[in-house]
Amino acid sequence: MIITVLSHHQFKQQISKQVIMSLTPVQKWYAGKTIFVTGGSGFMGKVLLEKLLYACSEIRTIYVLIRPKRGKVPQARLDEWFKLPLFQRIKNQKPEVFKKLVPIQGDITFDGLGISKDDVDRLANEAEIVFHCAATLKLEANLKDAIEMNTVGTKRVLDLCKQMKKLQVLLHLSTAFCYCDKEVLNERVYDFHHSPYDLMRAIEWMDEKTLDLITPNLLKPHPNTYTYSKRLTECLVRDNYPQLPVCIVRPSIVCPADKEPVEGWVDNLNGPVGIMVAGGKGVMRSMLCNGEYNAEVIPVDLAINGLITIAFTIGQMKEMPPEIPVYNVTCRETKRTTWKEVLEMGKATAYEYPFEAGVWYPDGGITTNKFYHTFCVIFFHWLPAYFIDFLMLCFGQKRFMCRFQTMISQGLELLQFFTTRQWDFKSHQYQSIAKNLTPEDFALFDMDIDKIDTKEYLKRIILGGRQYCLKEPLSTLPKARMQLKALWVLDKVAKALMLWLLVWGLLKITGFSEIFGTVDVN
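Residues numbered from 1 in each chain as written. Predicted model: local features only at pLDDT ≥ 70, side-chain atom pairs only at ≥ 80, totals over all residues. Heavy atoms only, no water.

Looking at an unreviewed UniProt entry, one finds the protein chain named Fatty acyl-CoA reductase and attributed to Aedes aegypti. Taken directly from UniProt, the Sequence similarities (unreviewed entry) text for the protein chain runs: "Belongs to the fatty acyl-CoA reductase family." (UniProt positions renumbered as here; feature names shortened; annotations may be inferred.)

Here, UniProt's "transmembrane region" (unreviewed entry) annotation points to residues 371-395. For the annotated span residues 371-395, helix accounts for 96% and strand for 0% of the residues, and the straight-line distance between the end C-alpha atoms is 35 Å. (Helix = DSSP H or I, 4+ residues; strand = E, 2+ residues; numbered from the N terminus.)

Backbone-to-backbone hydrogen bonds join strands into a sheet, with any given pair of strands oriented parallel or antiparallel. In space, the seven strands of this open sheet follow the order 3-2-1-4-5-7-11, with parallel pairing throughout. Edge strands, defined here as strands with exactly one partner in the open sheet, are strand 3 (101-105) and strand 11 (326-329). Within this sheet the neighbouring strands show an average axis-to-axis angle of 20 degrees, counted without direction. Where strand 7 (residues 246-251) meets strand 11, four bridges bridge the pair, whose relative direction is parallel. Paired with Arg 250 across the bridge in strand 11 is Asn 328. Sitting on the sheet, helix 8 (residues 143-161) is in contact with strand 1 (34-38), strand 4 (129-132) and strand 5 (169-173), with an inclination near 175 degrees to strand 4. (Pairing = 2+ DSSP bridges. Axes fitted to C-alpha atoms, helices over the stretch in contact; angles between N-to-C directions. Contact = heavy atoms within 4.5 Å.)

Of all hydrophobic cores here, the largest spans 89 residues; its most connected members are Tyr 30, Ile 35, Ile 62, Phe 131 and Ile 310. The dominant element in this core, judged by the number of residues it contributes, is helix 13 (residues 300-316), at 10 residues. Split by domain, the residues of this core number at least three in each of domain 1 (24-268 + 295-336 + 422-469) and domain 2 (339-421 + 474-511). In contact with Ile 35, not counting residues within four places along its chain, are Tyr 30, Leu 52, Ile 59, Thr 61, Ile 62, Tyr 63, Ile 129 and Phe 131. Counting 57 residues, the second-largest nonpolar core is a separate cluster that includes Ile 104, Leu 219, Tyr 228 and Leu 236. (Core = buried A, V, L, I, M, F, W, Y, C linked by side-chain atoms within 4.5 Å. Buried < 20%, exposed > 50% of the residue type's maximum accessible area, 1.4 Å probe, protein only. Domains from an automatic or database assignment.)

Here it is in structure tokens:
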């Protein structure tokens, strides 16, 4: 295949003056640019690619790092993405822009990113903007894997960027939860008593067993390897500034789309979506969570609009600031919703738009009492799981509930660190970006979380999880509502029976059964 390479100036000349005149300032800046994206296969990565193609259609090329997977080459994987509902509006309105998305075969865990020499030369000569989104999001990952993917992987990206002759912006995607010891998180990189270079060397020579032994002491005060490795990585990125025009972006918990590209779009059951599905199916009945604390979540479309406009802002700077720019992509102080409010509104929404084939009536709750939570987990998580698996065994069917409950228990254990603490993220620099946009760009790259109706958004989350993750079409809602009513009756009968047995047992033990005329079945 022969690729004709046009200079940035030549490409812009091909764009008509009429088109240029109709573009907003952000669109004009992106017009004719070549972009390199890592982590394009992830939740945020796909939404970023879609938004760039749809809203900044005059870009020249988007190179996306993709590894072969399950016998499929990068181009085949890319073709599969285009079939997702995520890309439907592009298919309908601008199908020609798909050709601007070009796969680069590679892997973030390989030396040199596993990119061929020809592709390295192409990126070195053409790439002007880099969105580094690749990371392992597994909170339970072992230390070696987390450092290899998040920290060493980022070093490989930094090394590649140093070869890029036209680089204007390198955006590193981090997380707002990487400073667990800070009561207030400002938009700056904090010093850390561990060196990323020491840890990168350690995983090279130290065996996994030894690493696992020292991990608990290394992580303190971090709850998991994800936040720990992300903090190390921020130090690494800071050390490459201002040699590289890099900035750090820290979103909070990224949730399904509010409006773009489709309402409620989500492609995984991580975080709050998984909790809502597990609760809505009736398999999760209790969670350690302080209902008075704020739910630090942000819709993915608003977060992606933030990434795009942040890169534009950095690219417009005539002189870089003395310290590395950092942006906390989080809720404003004027738009804070507590976990208690989320639970109450979420329950009401889940009753109106139930999931199919629930295991039990969804009536769980949150608590800060560890003893009560443990009691609920034993009696309402594990006992029903063992009972269901016993029935499956009796009927010769494959058992699954205990395995499913193990996954839920592990997930809850990891999440409770974040739901039992109050987080205070300052986002003044991030909020200032929207103020500097033109009205046209402000509408096109919406970042205003204040105007989102929380109840309506929760509805979109539930329907999104229902349609895109569980593959339950909206046409099944009437059937699901009938199932929910049946589960409600079963739940009330079961609770009444359990209460009767409890009272009867107490009367028998205390001897009051004879006084009240209780019949002795013995």
